[in-house]
Amino acid sequence: MKSIHLVMVVFFVTMMVTLIACSPKLYLPEQAHSAWVAETYQYTGTVDQFNHARTMYTQYCQSCHDLHMPSEYTISEWDKIYTNMSAKVAIGDSSKRMILYYILAGAKDAEINQ
Ligand code: HEC
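Residues numbered from 1 in each chain as written. Predicted model: local features only at pLDDT ≥ 70, side-chain atom pairs only at ≥ 80, totals over all residues.

(A) The overall build of the protein chain, seen in detail. The helix and strand inventory of the protein chain stands at 5 helices and 0 strands. Beginning at the N terminus, the succession of helices and strands in the protein chain can be written as α-α-α-α-α. For 114 residues, the compact-globule estimate of 2.2 N^0.38 gives 13 Å, and the C-alpha radius of gyration of the protein chain, at 18 Å, exceeds that figure by more than 25%. Counting across all 114 residues of the protein chain, residues that qualify as buried make up 20%. (Helix = DSSP H or I, 4+ residues; strand = E, 2+ residues; numbered from the N terminus. Rg over C-alpha atoms; globule rule 2.2 N^0.38 Å. Buried ≥ 20, exposed ≤ 12 C-beta atoms within 10 Å, placed from the backbone.)

Here it is as structure tokens:
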């Protein structure tokens, strides 16, 4: 009986470690992202501000479903999706805009990720 328990515990721990190691990571904004957004959209945001946008993204955009990675969609796909999704969250327009640019700088086809 005891050894069966041990096998189950080892199995469970292995599964958890695998799951955590394989879950995709939300990118951390760097100076290059902030520069890309400024050049592409004439929107000025510091790395700190984009880090804050990243935190808000995790807070507001996974209450109904798992968090989507910015790299899952292209810029034009995100433009459409974000218009729908941002209407579902109760935060101010300037926060919404900052989250959008955080997402776009990580989009599948953003030049910075090529
Ligand atoms: C009130 C619940 C709710 C919140 C909050 C929410 N979503 Fe969604 N989201 C949905 C539902 C429902 C769907 C699937 C159906 C649809 O597309 O409307 C979805 C689908 C998506 C998809 C997949 C779209 C596709 O076409 O495949 C993405 C990406 C997404 N959401 C991003 C976001 C982002 C970014 C935020 C934060 C701004 C957000 N969601 C907040 C309910 C929500």
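And the narrative resumes.
(B) Representation of the packing of helix α3 (residues 47-60) against helix α5 (residues 93-104) in the model. Where α3 meets α5, the axes come as close as 8 Å, and the angle between the chain directions of the two elements is 95°. Comparing the axis directions of α3 and α5 gives the class roughly perpendicular. Between α3, through Gln49, Phe50, Ala53, Arg54, Met56 and Tyr57, and α5, the contact on the second element is made entirely by Ser95, Met98, Ile99 and Tyr102. Counted by class, the contact of α3 with α5 contains 7 nonpolar, 2 polar and 1 charged residues. (Axes fitted to C-alpha atoms, helices over the stretch in contact; angles between N-to-C directions. Parallel < 35°, antiparallel > 145°, perpendicular 65-115°, else oblique. Contact = placed C-beta atoms within 7 Å. Nonpolar A, V, L, I, M, F, W, Y, C, P; charged D, E, K, R; others polar.)

(C) Inspection of the site of the ligand at higher detail. In the vicinity of the ligand there are 13 residues, among which Cys61, Cys64, His68, Met85 and Lys88 approach most closely. The element contributing the most residues to the shell around the ligand is helix α4 (residues 75-86), with 5 residues. In terms of residue class, the shell around the ligand is built from 7 nonpolar, 5 polar and 1 charged. (Near = placed C-beta within 6 Å.)

(D) Layout of the nonpolar core. Counting 16 residues, the largest nonpolar core has Ile99, Tyr101, Tyr102, Ile103 and Leu104 as the members making the most contacts within it. Every element with two or more residues in this core is listed here: α3 and α5. No other element matches α5, which puts 7 residues into this core. If sequence neighbours within four positions are ignored, Tyr101 has contacts with Val37, Tyr41, Tyr43 and Gly45. (Core = buried A, V, L, I, M, F, W, Y, C linked by C-beta atoms within 7 Å.)

(E) Representation of the environment of Ser76. The topology assignment puts Ser76 in helix α4. Along the backbone, Ser76 and Asp93 are 17 residues apart, and their C-alpha atoms lie at a distance of 20 Å.

(F) Up close: the environment of Leu104. Turning to its location among the elements, Leu104 is positioned in helix α5. As for Leu104 and Thr74, which are separated by 30 residues in sequence, their C-alpha atoms are 8.1 Å apart. Those residues in contact with Leu104 that lie beyond four places of it in its chain are Ile75, Trp78 and Ala110.

(G) Representation of helix α2 (residues 31-41) within the structure. The complete set of buried residues in α2 reads His33, Ser34 and Val37. Looking straight down α2, one finds that the buried residues subtend no more than 100° of arc, so they occupy a single side. Opposite the buried face of α2, by more than 90 degrees, sit the exposed residues Gln31, Ala32 and Glu39. In this fold, the buried residues of α2 make contact with α3 and α5. One or two residues past the end of α2 sits Gln42, with phi positive at roughly 50°. (Arc of directions from axis to C-beta.)

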